[in-house]
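Chain residues, written in single-letter form:
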Amino acid sequence: MEFPGLGEHCSERTCKQLDFLPLKCDACGEVFCKDHIRYDDHKCSSAYKKNVQVPVCPLCNAPIPVQKGEIPDIVVGAHMDKDCKYNPAQQKQKIFTNKCLKPGCKRKEMMKVVCEQCGGNFCIKHRHPLDHDCKGSSHPISKAGYAALMRASQAAFKSIGAIGVPPDGSLQHNRCRW
């Protein structure tokens, strides 16, 4: 049993299939089946309105506007001759330019790693004040930095074994007895 009021026939003259889920071409407005909906499949005369591709300059990666009727290769060639902003020196710029100020260190970093105390630029290995023999302020700015210095000094005293530093911070001149 056929339903004459449902669906539509494909507009392709060689097909004319009755399709219950017809698709409308967004360029020409005709109705097609799933086999003929692509522009190339039904030889759409209005495909140029929708199938627009913008060429890109191979040197500067800028999109190049092409007017209707112009050949894209010629327009891109004219852009490369006149308007292209390509700078070959820009590709060879050095990335690692921030040299470590620690004497004897030759490392360079991509970004500046500045010491909060002395303001010097150091590599990742020498970024902490203890690692580059910082000559900045007498004590670290943050409480965490001060605590790190205290832990380091306690470890140094323990390794020497001459002076014990109890957890309360008071200095004793005896051997460690806590």
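Residues numbered from 1 in each chain as written. Predicted model: local features only at pLDDT ≥ 70, side-chain atom pairs only at ≥ 80, totals over all residues. Heavy atoms only, no water.

Caption draft 1: Region of the structure containing the overall build of the protein chain. When helices and strands are counted, the protein chain shows four helices and six strands. Taken over 178 residues, the protein chain has a buried fraction of 22%. Nonlocal contacts in the protein chain, meaning residues at least 24 apart in sequence, comprise 10% of its contacts between residues at least 6 apart. On the protein chain, roughly 14100 Å² of surface is accessible, and the fraction owed to carbon and sulfur atoms is 55%. (Helix = DSSP H or I, 4+ residues; strand = E, 2+ residues; numbered from the N terminus. Buried < 20%, exposed > 50% of the residue type's maximum accessible area, 1.4 Å probe, protein only. Contact = heavy atoms within 4.5 Å. Areas by Shrake-Rupley, 256 points an atom, 1.4 Å probe, with all protein chains shown as cover.)

Caption draft 2: Examining the nonpolar core more closely. Of all hydrophobic cores here, the largest spans seven residues; its members are Cys10, Cys25, Ala27, Phe32, Cys33, Cys44 and Ala47. When sequence neighbours within four positions are dropped, the list of residues in contact with Cys25 reads Glu30, Phe32, Ile37, Tyr39, His42 and Cys44. (Core = buried A, V, L, I, M, F, W, Y, C linked by side-chain atoms within 4.5 Å.)

Caption draft 3: Up close: unusual backbone geometry. Backbone geometry places Asn61, a non-glycine residue, at a positive phi of 60 degrees. The residue Asn61 is located in the loop between helix H1 (47–50) and helix H2 (72–82) in this model. Judged by its relative accessible area of 59%, Asn61 is exposed. The residue Asp133 is not glycine, and still its phi comes out positive at about 50 degrees. Mapping Asp133 onto the fold places it in the loop between strand E6 (108–109) and helix H4 (143–160). According to the relative accessible area criterion, Asp133 is partly exposed, its value standing at 48%.

Caption draft 4: A positive patch on the surface, seen in detail. Together, Lys94, Lys99, Lys106 and Lys108 make up a region of like positive charge exposed at the surface. Judged by its relative accessible area of 72%, Lys106 falls in the exposed class. (Patch = residues over 30% accessible without salt bridge, like charges linked within 9 Å, V, L, I, M, F, W, Y side chains within 5 Å. Salt bridge = Lys/Arg side-chain N within 4 Å of Asp/Glu carboxyl O. Lys, Arg positive; Asp, Glu negative; His and termini not counted. Charge placed at Lys NZ, Arg CZ, Asp CG, Glu CD.)

Caption draft 5: Inspection of the state of the cysteines at higher detail. Within this structure, the stated rule accounts for zero disulfides. Of the cysteine sulfurs around Cys15, a residue in no disulfide, the closest is that of Cys33, at 3.9 Å. Accessibility expressed as a relative area gives 25% for Cys15, which makes it partly exposed. (Disulfide = S-S within 2.5 Å.)

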